[in-house]
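# Geometric and topological summary
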Amino acid sequence: MKRAVITGPTGAIGMALITQCIREGWEVLAVCHRGSARISSIPVHPRVKILETELSELGQLEQVIEGRYDVFYHFAWEGTTGAARNDMPLQTRNIASALQAAELAAKLGCNTFVGAGSQAEYGRTEQLLSPETPVFPENGYGMAKLCAGQMSRIRCQELGIKHVWVRILSVYGPFDGPNTMVSATLRKLLCGEHAAFTPAEQQWDYLYSEDAARALFLAAEHGKSGKIYVLGSGQIHPLREYIVRIREAVCERIDTLRVQEGQNKYLKAGSVGIGELPYPKGQVMFLGADLTELTNDTGFVPEVDFEEGIRRTIDGIIDSVYNGDSAVR
């Protein structure tokens, strides 16, 4: 039985990866932020253990973790949104934490370290993102991710551990943060509220969390040490098209609820307003993944299309946030 450590496991990707590991017969140690409300959502399973800590304490965890592990997934990161992206002292601490994670992986006997990078490492570009695409990060978050990937790769080489860095584009799914475009839009529309948008002309690449988790699992198993992979769906569409498809899925789900539950007959999907907001400063207008390297090395090919992924995400939101049909109103 293989064993994996996952830091920052309570987001959309981490939760899907825990499920993937359970499916594969692996044992998982979920290293969570102390006191996180999301811990209660982690699957209850005999092969899943939870350890609460702070990101700054990774260097001391060897003393409290029993046994040896095989793979170390490092997702934990502070300051991923808003003004915190340019909090340089905070982002610098994230780099140090990534190095501590690599060192902890070696102490636990891991042979593989998989780090979560970001499209923010590239900055703005109008070409498909590949490992060879030039990197010009424009904020502290992207700069720190780039630095963490480069430094942890060198440290893992020194420690004799395989290092894989995966630059992740836009992933959606159950347990996603409430402020992402997909998650925030679904929550508003399910509650009958209005969702305002920019002109939404961006060309975008969205990947369902279950596919992302499978890609990361395959990257740990078959990825080549020292390589960078870009993770997305490889499918690019205008953002306004995604918005329309999201509302259609919500309307379909609400129609089903009306049929299933009489008390929900007054449910109504919220409205969308495309073009009501200006683009924010520095808006990325093109985001798309070139999966060639990832597919060639690991065999990964996305399996869940956007419509199916949104249906599953809607059900996950209803189950976990709204506590069933009666709370969606």
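Check the entry above for the structure.
Within any chain, residue numbers begin from 1 and follow the written order of that chain's sequence. Only residues with pLDDT of at least 70 are given local features in this predicted model, and only at 80 or more are side-chain atom pairs given and counted; all residues enter the totals for whole chains, interfaces and linings. Only hydrogens and water are set aside; all other atoms, that is, all heavy atoms of the structure, feed into the side-chain values.

A few words now on unusual backbone geometry. Outside of glycine, negative phi angles account for most residues, and trans bonds account for most peptide bonds. Of note in this structure, Phe175 is not a glycine but carries a positive phi near 75°. For each residue, the accessible area found with a 1.4 Å probe, counting protein chains only, is set against the maximum for its type, and the residue is called buried under 20%, exposed over 50%, and partly exposed in between. With relative accessibility at 33%, the residue Phe175 sits in the partly exposed group. Located in the positive-phi region is Ala200, a residue other than glycine, with phi close to 55°. Helix and strand definitions here come from DSSP, where helices need a minimum of 4 consecutive H or I residues and strands a minimum of 2 consecutive E residues; each element is numbered from the N-terminal end. Mapped onto the fold, Ala200 is located in the loop between strand E8 (195–196) and strand E9 (203–204). Accessibility expressed as a relative area gives 0% for Ala200, which makes it buried.

Our next topic: the environment of Thr180. Turning to its location among the elements, Thr180 is positioned in the loop between strand E7 (170–172) and helix H4 (181–190). Spatially, the C-alpha atom of Thr180 lies 27 Å from that of Gln150, the residues being 30 residues apart in sequence. Any pair of N or O atoms that falls within 3.5 Å is considered a polar contact. Within protein, one atom must be able to donate a hydrogen and the other to accept it, and sequence-neighbouring residues count only if both atoms are side-chain atoms. A polar contact of 3.5 Å, which involves the side chain of Thr180, links it to the backbone oxygen of Gly177.

Between rings of Phe, Tyr and Trp, where Trp is taken as its six-membered ring, a pair exists when centres lie within 6.5 Å; planes separated by under 30 degrees are stacked, by over 60 edge-to-face, and by other angles tilted. Tallied over the full model, the rule gives ten aromatic pairs. Each ring, one from Trp26 and one from Phe217, has its centre 4.8 Å from the other, and the planes form 55°; the classification is tilted. A residue pair is termed long-range when its members are at least 10 positions apart, and Trp26 in the loop between helix H1 (12–23) and strand E2 (27–33) and Phe217 in helix H5 (residues 209–222) qualify at 191 residues. Accessibility assignment for this pair places Trp26 and Phe217 in one class, buried. With a centroid separation of 6.1 Å and 45° between ring planes, the pair formed by Tyr206 and Phe306 is classed as tilted. With Tyr206 in strand E10 (residues 206–208) and Phe306 in helix H8 (residues 306–320), this residue pair connects regions lying 100 residues apart in the sequence. Under the relative-accessibility criterion, Tyr206 is labelled buried at 11%. Given a relative accessible area of 8%, Phe306 falls into the buried group. Chaining the aromatic ring pairs together yields one cluster made of Tyr172, Tyr206, Tyr208, Tyr242 and Phe306. Only when the NZ atom of a Lys or the CZ atom of an Arg is both within 6 Å of the ring centre and within 35 degrees of the ring normal do we say a charge sits over the ring. Between Arg3 and the ring centre of Tyr69, over which it is positioned, the NZ or CZ distance is 4.0 Å. The ring of Trp77 has Lys145 sitting right over it, with the charged end atom 4.1 Å from the ring centre.

Counting 73 residues, the largest nonpolar core has Tyr73, Tyr206, Leu231 and Ile310 as its most contacted members. The contact rule is simple, with two residues in contact once any of their heavy atoms fall within 4.5 Å. With residues up to four places along the chain from it excluded, the contact list for Leu231 reads Val166, Arg167, Ile168, Leu169, Leu207, Ala212, Ala215, Leu216, Ala289, Leu291, Leu294 and Phe300. What we call a nonpolar core is a set of buried Ala, Val, Leu, Ile, Met, Phe, Trp, Tyr and Cys residues that are connected through their side-chain atoms within 4.5 Å.

The salt bridge criterion pairs a side-chain nitrogen of Lys or Arg with a carboxyl oxygen of Asp or Glu, the two atoms within 4 Å. As enumerated under the stated definition, the model contains 19 salt bridges in all. Its salt-bridge partner being Glu241, residue Arg245 comes within 3.0 Å of it at the nearest N-O pair. One end of the pair is Arg245 and the other is Glu241, both in helix H6 (residues 239–260) and four residues apart, which spans about a single turn. Judged by its relative accessible area of 32%, Glu241 falls in the partly exposed class. When the shortest N-O distance is used, the salt bridge between Arg311 and Glu308 registers 3.0 Å. One end of the pair, Arg311, and the other, Glu308, are both in helix H8, three residues apart, so they sit about a helical turn from each other. Take Arg311: its relative accessible area is 34%, and that puts it in the partly exposed class.

By themselves these figures say nothing about function.
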